[in-house]
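Structural characterization, general
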Amino acid sequence: MTSAPLTAGLVQLCVSDDPERNLPQTRALIREAAAGGASLVLTPEATNLLNADRETQDRLLRTEAEDLTLAALREDARALGIWLLIGSLSLKTDEAGDGRFANRSFLVAPDGEIRARYDKLHMFDVTVSDTEFYRESQAFRPGGRAVLADGPWPLGMSVCYDLRFPYLYRDLAQAGATVLTVPAAFNDTTGAAHWEVLLRARAIETGSYVLAPAQSGLHESHLSPGRKPRRSHGHSLAVDPWGRVIADAGTEPGVTLVALDPAEVVGARSRIPSLTHDRAYSGP
């Protein structure tokens, strides 16, 4: 492994449904992370906006070429000379042919160029309770490709609900990933029960660092008044390759800095080399 130690900055946000209102705080926190020494900065899922109303989404969302958040954050990465993982942006796309949007994660290089794109594979179609349910696939089309990004370290990209599908992370680690990124807007009910344990499990299973910047708190609806705002769990986490939580951002927006050491990956994988122990089997 040739990766050098680095400092990562997890940016925790509480975005509204208005991209123009959200952008100044996002940019300020990215600058704060860079000023603190982070050479890799990560933002959460839905960095541009959170809104579940299809009509409002159709009015507000833009294509990748037109999105103001993407353009601004690419410029910030260039100006600050940092790697920037934009957790995801909700974007219009013609690729599905049915009007659905993309939930797309970006890795931006220090020159401002987009080094990798990943469209969320697994859609959050769940019934949390009798009164709380989500059907992400009605508005967003799933991606069809896993992405190992060539960044400051080899990064395995994912988004939120992907976290529940461990084979994705095993494939990424076996392909060379030493850091797994899990930007999220995790539901507050399931987050309290499952967020930390799932992130720790993915780290343990793969001997990788897991970096999970998150949305947190109650998301206001400025542009679709009358809709009940949703709440996200928060607790952006960094987990080391042995499964230890090395940073927890709590529930307030802000920046959490964490040091990554490639020797920790080597050590964990040497002690438990399970990535090389696959066996073919029959059944069930």
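The structure this text deals with has already been given above.
So, here's what we can say about the structure. (Residues numbered from 1 in each chain as written. Predicted model: local features only at pLDDT ≥ 70, side-chain atom pairs only at ≥ 80, totals over all residues. Heavy atoms only, no water.)

**Observations concerning helix α3 (residues 68–80)**
The terminal C-alpha atoms of α3 lie 18 Å apart, and with 13 residues this matches the ideal 18 Å at 1.5 Å per residue to within 8%. Among all positions in α3, only Thr 69, Leu 70, Ala 72, Leu 73, Asp 76 and Ala 77 are buried. Taken end-on, α3 shows its buried residues confined to a sector of 165 degrees, consistent with a single buried face. On its buried face, α3 sits against α1 (19–35), β3 (83–91), β4 (102–108) and β5 (114–119). Backbone nitrogen of Thr 69 and a side-chain oxygen of the N-cap are separated by 3.1 Å at the start of α3; the cap is Asp 67. Once α3 finishes, Gly 81 follows within two positions and takes phi at roughly 65 degrees, a positive value. (Helix = DSSP H or I, 4+ residues; strand = E, 2+ residues; numbered from the N terminus. Expected span 1.5 Å × (residues − 1). Buried < 20%, exposed > 50% of the residue type's maximum accessible area, 1.4 Å probe, protein only. Arc of directions from axis to C-beta. Contact = heavy atoms within 4.5 Å. Polar contact = N/O pair within 3.5 Å; in protein donor to acceptor, adjacent residues only side chain to side chain.)

**Quick notes on the packing of helix α4 (residues 166–174) against helix α5 (residues 188–206)**
At their nearest, the axes of α4 and α5 sit 10 Å apart, and the two run at 40 degrees to each other. As α4 packs across α5, the resulting crossing turns out to be right-handed. When α4 is examined against α5, the residues Pro 166, Tyr 169, Arg 170 and Ala 173 are found in contact with a partner set consisting of Arg 202, Glu 205 and Thr 206. Taken together, the residues of the contact of α4 with α5 break down into three nonpolar, one polar and three charged. (Axes fitted to C-alpha atoms, helices over the stretch in contact; angles between N-to-C directions. Left-handed = near helix turned anticlockwise from the far one by under 90°. Nonpolar A, V, L, I, M, F, W, Y, C, P; charged D, E, K, R; others polar.)

**Some remarks on the sheet that holds strand β10 (residues 179–181)**
One open sheet accounts for six strands, arranged β8-β9-β10-β11-β14-β15; its pairing is mixed. Looking at the sheet topology across the chains shown, the edges are occupied by β8 (148–150) and β15 (245–248). Between one strand axis and the next, the sheet turns through 20 degrees on average, direction left out of account. As paired strands, strand β9 (residues 154–157) and β10 are joined by three bridges and run parallel to one another. Bridge assignment links Gly 156 to a residue of β10, and that residue is Leu 180. Here α5 sits on the sheet in contact with β10, β11 (209–212), β14 (237–239) and β15, set at roughly 25 degrees to β14. (Pairing = 2+ DSSP bridges.)

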